[in-house]
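Each chain, written out:
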Amino acid sequence: MENVTILLGLLFIWILVYGVMSLGRSKNKKRLAPGPFPLPIIGNLHLLGDKPHISLAKLSKIHGPIMNLKLGQINTVVISSSVLAREVMQKRDLAFANRSVADALRARNHSDFSVVFLPVNSRWRTLRKIMNSNIFSGNKLDANQHLRTKKIQELVDHCHKSAKNGETVDIGRAAFRTSLNLLSNTIFSKDLSDPFSDSAKEFKDLVWSIMVEAGKPNLVDYFPFLVKIDPQGIRRRMTDHFTKILDLMSGLIDERLKERKLRNHANVDVLDALLNISHDSPEELDRNLIEQMCLDLFAAGTDTTSNTLEWAMAELLQNPHILEKAQEELAQMIGRGKLVDEADIAQLPYLRCIVKETLRIHPALPFLIPRKVEEDVELCGYIVPKDSQVLVNVWAIGRDSGLWENPLVFKPERFLESEIDVRGQDFELIPFGAGRRICPGLPLAIRMIPVALGSLLNTFNWKLQGGIAPKDLDMEEKFGITLGKAQPLLATPIPL
Ligand code: HEM
Ligand SMILES: *[C@@H]1O[C@H](CO)[C@@H](O)[C@H](O)[C@H]1NC(C)=O
Ligand SMILES: *[C@@H]1O[C@H](CO)[C@@H](O)[C@H](O)[C@H]1NC(C)=O
Ligand SMILES: *[C@@H]1O[C@H](CO)[C@@H](O)[C@H](O)[C@H]1NC(C)=O
């Protein structure tokens, strides 16, 4: 008798569960992509850990290259294969081209004026067009490359000074300042941070603080109902930082407007071009948009570039035979001891391979910059529900053993005989993203990185601090807004 009751009970439960499940199904007719089972309230947040790119790469081995997760209240779809990345960023690019905006970036209404976070609309198109033709075109970059050469010289001088004093160089910090000054000279034709002295470090610290703040996981992004409370104070601090940096930009613009009134002012750099546009067609670009664009350029271009440089140096110090091979190429093509010029890059194929290999294993933005769908979108038979955040795990794609032989081995040679490039056409290597949202700063980045790296290699030999053997170098990653090195790379330069 008791057995029958239990059986009936089980049957009842089964019918209930089945009923609820099919009810759920019929509500959204198509299936969600597979994924881990969400807990109440937090969903799958507990699975992310402090290195979400690795956790999600592991989960995708179980659930597949398209996964559906629930991060707090936010539905999140994670793409982890080159085939699906092509689907999202090429075939269905428009449907996936809007951004999911972290709350921190709404400070000072930045996201309403930012080329990085605006949805695909006419303002975004105008800003992209202005950037492409006035900052990142080949002609414009050629015209101000002499200013960047000076900053590379200063980097090398700084290393010479350290060498003379027997000090180590913190490669990440040196790279950060250099990237900042390369950018500020490209835009304003001047330094915003006194190179390698700590007297005028305010601007550098500001950009640094913005990266730190933006990199913190924010509860508001997973539980939007907390937005008014701002429990971690992130929006509040970000508002301070943004206000300071926008005021700084505003000061520079005032200064320039004054100079332009003087007869002898040459009127030829990027800022002049932007001011010309805002004078001729203020409906396209006004002063606020110029200030916010500068903020965008520094925020998007500094940490990405300097992290890539630090990782490249770390990989070379860990692999001395690759470093030597790069030095041989430099000695042969441009002569030992010389700085690398942007025009030299074309003749330095091995150096270019090193940069690609660095971007493959250490993409500065492991999830690109998050995308978002505004409507239900069908993708490979699954439904990506309206308002989902979409992450493309380029870190996982760069280490996919189905695409790369011995993916964990740093081997620039793999690109010598290959046509694969980083420009968004080859979806096995998309550190700059792809499609209409591809990084507009790519043409500048692929000049700055090889020039800085090549110059450091062609003027010095490098020894790891404290006699650490190359194979013992700590290569641990630290997840933040960009993927950095957990332990700073410290190395001693020995002039060649
Ligand atoms: C190694 C260096 C760099 C890397 C790896 C990198 C990577 C990226 C990635 C992955 C995206 C998002 C693309 C997507 O969603 O498909 C992006 C966007 C962007 N990057 Fe870069 N970037 C670098 C350097 C720069 C530089 C030097 C600048 C400018 C000075 C810059 C400016 C931007 C801007 C403005 C966007 C937003 C574009 C949009 O949303 O329409 N980046 N970058
Ligand atoms: C992106 O956002 C804009 C503005 O909110 C909207 O008009 C557009 O439809 C969105 N695009 C897609 C593909 O959902
Ligand atoms: C941001 O935009 C909102 C509404 O568009 C406006 O009320 C507010 O004053 C703006 N805040 C700032 C700091 O510009
Ligand atoms: C800005 O406009 C002035 C005056 O029309 C012109 O001489 C100058 O070349 C322009 N500058 C740029 C960078 O386009």
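Residues numbered from 1 in each chain as written. Chains lettered and ligands numbered in written order. Predicted model: local features only at pLDDT ≥ 70, side-chain atom pairs only at ≥ 80, totals over all residues.

A separate point is the overall build of the chain. Per the secondary structure count, the chain includes 16 helices and 13 strands. Along the first, second and third principal axes, the C-alpha atoms of the chain reach 95 × 55 × 40 Å. The burial tally for the chain puts 42% of its 496 residues in the buried class. A sequence separation of at least 24 residues applies to 73% of the contacts in the chain between residues at least 6 apart. (Helix = DSSP H or I, 4+ residues; strand = E, 2+ residues; numbered from the N terminus. Buried ≥ 20, exposed ≤ 12 C-beta atoms within 10 Å, placed from the backbone. Contact = placed C-beta atoms within 7 Å.)

Below, the discussion takes up the site of ligand 2. Near ligand 2, the surroundings consist of Leu94, Ala95, Asn98, Pro119, Val120, Asn121, Glu374 and Glu375. By residue class, the composition of the shell around ligand 2 is four nonpolar, two polar and two charged. (Near = placed C-beta within 6 Å. Nonpolar A, V, L, I, M, F, W, Y, C, P; charged D, E, K, R; others polar.)

So, on to the sheet that holds strand E5 (residues 169–170). Strands belonging to one sheet form pairs held by backbone hydrogen bonds; the direction of such a pair is parallel or antiparallel. Spatially, E5-E13-E10 is the arrangement adopted by the three strands of the open sheet, whose pairing is antiparallel. Every other strand in the sheet has two partners, leaving E5 and strand E10 (460–464) as the edge strands with one partner each. Taken together, the two bridges between E5 and strand E13 (residues 490–495) define a ladder with antiparallel strand orientation. Residue pairing across strands places Val169 opposite Ala491, the latter belonging to E13. (Pairing = 2+ DSSP bridges.)

What follows is about the packing of helix H14 (residues 349–361) against helix H16 (residues 442–459). Between H14 and H16, the least distance of the axes is 10 Å, while the angle of their chain directions is 115 degrees. In this view, H14 runs roughly perpendicular relative to H16, as classed from their interaxial angle. Between H14 and H16 lies a crossing whose hand is right-handed. Contacts between H14 and H16 involve Leu351, Arg352 and Val355 on the former and, on the latter, Ile449, Pro450, Leu453 and Gly454. Counted by class, the contact of H14 with H16 contains five nonpolar, one polar and one charged residues. (Axes fitted to C-alpha atoms, helices over the stretch in contact; angles between N-to-C directions. Parallel < 35°, antiparallel > 145°, perpendicular 65-115°, else oblique. Left-handed = near helix turned anticlockwise from the far one by under 90°.)

Taken together, five strands build an open sheet; the order of strands is E2-E3-E9-E6-E4 and the sheet is mixed. The sheet is open, and its two edges are formed by strand E2 (66–71) and strand E4 (98–99), each paired on a single side. Of the strand pairs in this sheet, E2 and strand E3 (residues 74–79) are connected by six bridges, and their pairing is antiparallel. Within the sheet, the bridge partner assigned to Asn68 lies in E3 and is Val77.

Another aspect to go through is the environment of Glu87. The topology assignment puts Glu87 in helix H3 (residues 82–91). A C-alpha to C-alpha distance of 8.6 Å links Glu87 and Cys380, two positions 293 residues apart in sequence.

What follows is about the site of ligand 4. The environment of ligand 4 is formed by Asn267, Val268, Asp272, Ala273 and Asn276. When grouped by side-chain class, the residues that make up the shell around ligand 4 number two nonpolar, two polar and one charged.

Our focus in this paragraph is the confidence of the model for the chain. When the pLDDT values of the chain are averaged, the result is 92; 93% of them are 70 or greater. Between residues 22–26, whose pLDDT stays under 50, and residues either more than four places distant or in other chains, the model counts zero contacts. (pLDDT = per-residue confidence, 0-100.)

This brings us to the nonpolar core. In terms of nonpolar packing, the biggest core is built from 123 residues, with Ile79, Ala85, Ala452 and Leu453 touching the most fellow members. At 15 residues, helix H12 (residues 287–318) tops the list of elements feeding residues into this core. With residues up to four places along the chain from it excluded, the contact list for Ala452 reads Ile152, Leu155, Thr178 and Leu309. (Core = buried A, V, L, I, M, F, W, Y, C linked by C-beta atoms within 7 Å.)

To continue, consider the pairing of E3. The buried count for E3 comes to five of six residues, which makes it a mostly enclosed element. Hairpin connection between E2 and E3: a loop of two residues separates the two successive antiparallel strands, and Gly72 in this loop has a positive phi of roughly 60 degrees.

Moving on: the packing of helix H6 (residues 145–164) against helix H7 (residues 171–188). Across the interface, H6 lies against H7 with an axial gap of 9 Å and an inter-helix angle of 160 degrees. Considering their axes alone, H6 and H7 lie roughly antiparallel with respect to each other. Along this stretch, H6 crosses H7, giving a crossing that reads as right-handed. Listed contacts from H7 to Leu147, Arg148, Lys151, Leu155 and His158 of H6 are Ala174, Thr178, Asn181, Leu182, Asn185 and Thr186. For the contact of H6 with H7, the class distribution of residues is four nonpolar, five polar and two charged.

Taking 1.5 Å per residue as the helical rise, H6 with its 20 residues ought to reach 28 Å, and the 29 Å between its terminal C-alpha atoms agrees with that figure. Those residues of H6 not exposed but buried are Arg148, Lys151, Ile152, Leu155, Val156 and Cys159. Seen along its axis, H6 keeps its buried residues to an arc of 140 degrees; they face one direction. Residues of H6 that are exposed and angled more than 90 degrees away from the buried face: His146, Gln153 and Lys164. Contacts from the buried residues of H6 go to E5, H7, H16, E10 and E13. Following H6 by one or two positions, Gly166 has its phi on the positive side, about 65 degrees. (Expected span 1.5 Å × (residues − 1). Arc of directions from axis to C-beta.)

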